[in-house]
Amino acid sequence: MASVLAKLGTRGRNAARAKTAGASIAQTVAQAVRRAWVTLDDLVIQTKRGKLIRLGANLTKGQKQLLDDMCPKWQQGDMTLRPGWRGVNVKARQLGITTLMLAVTFCNVCNRSDINALFLADLDSNTKAAFQKVSIFYDNLPPSKKPPKKYNSVSELVFADNRSTFRIVTAGGGRVGQSRTLHIVHGSEVSNWPKAAETAPGLLNSVPDEVGCVLLESTAKGDGVKDDDGNITGGRGAFFAVAYREAKEGKSGYIAHFLPWWQQSEYQRKLAPGQFEGDDRPTDDSDAKTDDRHRRRLYKRYGNEMREVARFGLSLEQLAWRRWKITQPGQGLSKFRQEYPGDDVEAFKTGGGVFVPEWDEDLHEVDYRSIEALAAIYGPVAEYRGGYDYGRTAPFSFHLGAIWRHENGAIKHAEFLEEEYEGGQTEMQQRARIIAALERRGLKPSEVVIYADPSIFPPQNLDKRIGVKYTSDWFTEVGLKFQPAENDHLTTNTYAKTLLAQPDMIAVQPQCAALRRTAPALLTSSKDPDDFEDGQEDHAW
């Protein structure tokens, strides 16, 4: 009996001795093990509304499916991972898979001796969020089950009594985790890892085949291809796409898991009065080419909804949530399919495609409207703005826009009014055309701030520009108010796409033909999903 208690460790020792009297040895040992080991019922998580709840009592269907595979005895309180288990999980956003795997890893680190566990996130912010979750796990453990800490930092937790460690770090291009044997590796949002095809193989080789466990999970961010020599090509998400496909085809020893959005019980909304009735009924393919402009617009925004109902058995409440999510700022149908796929084919098919899926011809492309006509709809113009992209052989681009604002300063509506776009133009020809575009709307050069790439402006140290004429000088010398623009693609792209996703926020008149032609044709970068691919006709955007 004493030897059994010693193996349980100090946390279970006192409790086990207290129950020895009047019970069989087998019963006492079993009870002590259950009491001593940390289970999901012991762990607390924080909801989106900030409330603390017990994880074990609030598991979703998708979480239970994954647990059944990787922890066969979890329902009996044994959180031991299946030896040698390896999985690749494609998921919709916010299904709780990252939280679940953090919890399972935490249980194993608490319950088992000499375990080295590693969690790798895609971003520093997600690394910090993961460590915060683990801290909540530990801080809210029952005192009798809380293992003493030997070492605790912002990225590592080491227990004193069992010598197990849990490291939580951000994935990069280096050799993270390759200097030690790892027993549990959890890769989160692997599609966003930089240089995943270079980093992951060495990392995964640090996990013993027969006893180590690995979970790679992510939303999909484009597809990838593996050639006969083992080289993976594609965008940032290519490694994860290939890993999932090989797991699904039984080629890698990994198990493929897919969790769709419609399995999440909270992804539904109460129906509004009259929703999905009459002209608002769910769309189908007949709406794609109908003469009914309203039905055609619904189809372009939401796709074939009846097909989604037939494929996945969606309720109207789930369909209402789907519509609501698609219309959120920065979302759109293509983005929804990528982040909330209904099946794994859709997940990889939509990733890394059109860069501006929010662009809707029916919503954003309008007929010519005078300032007077626009004022009757939106009120007086708050300000005019111009945008300029330099070009000589390639086209130069100029756009004039008008902005209307709410009383609090937020944008109410923005409309692109005029465009100049042509290659082979000198600076003198370009400035003349810009002035002409302003005059067509009754504006003088001094009345409109025009934002341009900072590279065409002189340096701030004026001593360096003596005797030198910079590109911006050609325009400012005739009274045009050129100013350096924000040269951060991520910020400007995200903001523009957020505005496009909001109803009646952005409109483009027919004079801006190049913008209407090229913006919806831009493709997402193979290197950065938040930017567009180099070498495209992107001057107007």
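Residues numbered from 1 in each chain as written. Predicted model: local features only at pLDDT ≥ 70, side-chain atom pairs only at ≥ 80, totals over all residues. Heavy atoms only, no water.

Two numbers describe how helix H10 (residues 305-312) lies on helix H11 (residues 316-326): the axes approach to 11 Å, and their chain directions differ by 130°. Judged by the inter-axis angle, H10 sits oblique to H11. Between H10 and H11 lies a crossing whose hand is right-handed. Counted together, Glu305, Glu308 and Val309 of H10 and Leu319, Arg322 and Arg323 of H11 form the full contact between these two elements. When grouped by side-chain class, the residues that make up the contact of H10 with H11 number two nonpolar, no polar and four charged. (Axes fitted to C-alpha atoms, helices over the stretch in contact; angles between N-to-C directions. Helix = DSSP H or I, 4+ residues; strand = E, 2+ residues; numbered from the N terminus. Parallel < 35°, antiparallel > 145°, perpendicular 65-115°, else oblique. Left-handed = near helix turned anticlockwise from the far one by under 90°. Contact = heavy atoms within 4.5 Å. Nonpolar A, V, L, I, M, F, W, Y, C, P; charged D, E, K, R; others polar.)

Positive phi is not limited to glycine here, since glutamine 94 has a value of about 60°. Mapped onto the elements, glutamine 94 comes out in the loop between strand E3 (86-91) and helix H5 (97-111). Positive phi values are uncommon outside glycine, yet arginine 163 reaches one of about 65°. Here arginine 163 is to be found in the loop between strand E6 (156-159) and strand E7 (165-170). A relative accessible area of 48% places arginine 163 in the partly exposed class. (Buried < 20%, exposed > 50% of the residue type's maximum accessible area, 1.4 Å probe, protein only.)

Right, let's talk about the nonpolar core for a bit. By size, the foremost hydrophobic cluster in this structure holds 59 residues, and its most contacted members are Leu40, Leu43, Leu67, Met70, Phe106 and Phe166. For this core, the element with the highest residue contribution is H5, accounting for ten residues. Beyond its immediate sequence surroundings of up to four residues, leucine 43 is in contact with Val38, Ile53, Arg54, Leu55, Ala103, Phe106, Cys107, Phe137 and Leu141. (Core = buried A, V, L, I, M, F, W, Y, C linked by side-chain atoms within 4.5 Å.)

Our focus in this paragraph is the pattern of salt bridges. Per the counting criterion, the structure on display carries 31 salt bridges. Across the pair arginine 337 and glutamate 346 runs a salt bridge, and its minimum N-O distance is 3.9 Å. Close ionic contact of glutamate 422 with arginine 433 constitutes a salt bridge, the shortest N to O distance being 2.4 Å. Of this pair, glutamate 422 sits in strand E15 (residues 411-422) while arginine 433 sits in helix H16 (residues 427-440); the two residues are eleven residues apart in sequence, bridging distant segments of the chain. Via salt bridges that share partners, Glu418, Glu420, Glu422, Arg433, Arg440 and Arg441 belong to a single interconnected network. (Salt bridge = Lys/Arg side-chain N within 4 Å of Asp/Glu carboxyl O.)

Glancing now at the packing of aromatic side chains. Applying the stated criterion to the full structure yields 16 aromatic pairs. With a centroid separation of 4.3 Å and 10° between ring planes, the pair formed by tyrosine 267 and tryptophan 321 is classed as stacked. Here tryptophan 321 lies in helix H11 and tyrosine 267 lies in the loop between strand E12 (255-259) and helix H9 (293-302), a separation of 54 residues in the sequence. Exposure remark for tryptophan 321: the relative accessible area of 5% places this residue in the buried category. With a centroid separation of 5.8 Å and 80° between ring planes, the pair formed by tyrosine 267 and tyrosine 340 is classed as edge-to-face. Of the two residues, tyrosine 267 sits in the loop between E12 and H9 while tyrosine 340 sits in the loop between helix H12 (332-339) and helix H13 (344-350), which places them 73 residues apart along the sequence. One aromatic cluster is present, formed by Trp261, Tyr267, Trp321, Phe336 and Tyr340 through successive ring pairs. (Phe/Tyr/Trp six-rings, centres within 6.5 Å; stacked < 30°, edge-to-face > 60°.)

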